[in-house]
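What follows is each chain in one-letter form.
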Amino acid sequence: MKNDPIERVELTTERLLLRPFEVGDVDDVLAYASDPELARFLDLPQPYTRDNAEEYIARRILDDWSNEAMFAIVWERRVVGSIGLHINVRHETAEMGYALARKMWGRGIVPEAGRAVIDWGFHEYGLHKVFAESNVRNHQSWRVMEKLGMTREGLLRGRHKARDGHVDFVYYGVLREEWERIQGDSA
């Protein structure tokens, strides 16, 4: 795993700009994160307030990208979500997490952003594995992980306490050699 400091970067895809969060993103974050349908599967306060959005942006600005790299997903100059990696340097792994405004669901945005972030993570951090987990009831999130070439590795019973009790989570992962093979096959 690389030991050099990790610089904040921007990544671009065919349709998206993935960049570090900025102070001016508060209104966009408030707009998508205050949707109760989005919060149903995420650990977001409800109601989600402007103070919550400001605190979120402040944390993202202060993140040390050596272990927490979070990108704003920008679509047509508006922040419509987030995607990032929580790095475990010792184990050379990263957990990927993401959120997307409900009005943007079904457009392939998270898989597109995820491909860029996973590829960047494997190269920038020298990772061995990237994984993600999701509430077992969030079938859309499963599909994102599958579209990214991740393999379902297990079911984590009672993983999180949610508003409606303890819920199970599915766990997906992709190893570096699998990722390289997938990228080679799609080239």
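Presented here is an overview of the structure given in this document. This one's a predicted model, so the numbers in the text were calculated from it and none came from an experiment.

Parameters at a glance
Going along each chain's sequence as written, the residues are numbered from 1 onward. Only residues with pLDDT of 70 or above have their local features reported here, since the model is predicted, and side-chain atom pairs are shown and tallied only from 80 upward, although totals for entire chains, interfaces and linings are computed over all residues. Side-chain metrics in this entry use all non-hydrogen atoms of the structure; hydrogen atoms and water are not considered. Within this scheme, the nonpolar core is defined by two criteria: the residues are buried Ala, Val, Leu, Ile, Met, Phe, Trp, Tyr or Cys, and they are joined through side-chain atoms within 4.5 Å. Relative accessible area decides the class of each residue, using a 1.4 Å probe on protein chains only: under 20% of the type maximum gives buried, over 50% gives exposed, and in between gives partly exposed. Runs of H or I in DSSP of at least four residues are treated as helices and runs of E of at least two as strands, each being numbered from the N terminus. The contact criterion used throughout is that any non-hydrogen atoms of two residues lie within 4.5 Å. Note on ring pairs: Phe, Tyr and Trp rings are taken, using the six-membered ring of Trp, and paired if centres are within 6.5 Å. Classes follow the plane angle, with under 30 degrees stacked, over 60 edge-to-face and the rest tilted.

### Overview of the nonpolar core
- Within the largest apolar cluster, 57 residues are counted, with the highest numbers of intra-cluster contacts made by L18, I83 and M150.
- Broken down by element, the residue count for this core peaks at nine residues, all from helix 4 (residues 109-125).
- Non-local contacts of L18, meaning those with residues more than four positions away in its chain, are made with V9, E10, L11, F71, A72, I73, I83, A113, A116 and V117.

### What about the environment of E178?
- Note that E178 resides in helix 6 (residues 176-186).
- Residue E178 is classed as partly exposed on the basis of its relative accessible area, which comes to 21%.

### Concerning the packing of aromatic side chains
- A full pass over the atoms with the stated rule returns seven aromatic pairs.
- With a centroid separation of 5.4 Å and 85° between ring planes, the pair formed by F21 and Y56 is classed as edge-to-face. Here F21 is found in the loop between strand 2 (17-20) and helix 1 (26-33), whereas its partner Y56 is found in helix 3 (residues 50-62), with 35 residues between them in sequence. With respect to burial, F21 and Y56 carry one shared label: buried.
- With 5.3 Å between their ring centres and 90° between their planes, W120 and Y125 make a pair best called edge-to-face. Each member of the pair, W120 as well as Y125, carries the same accessibility label: buried.

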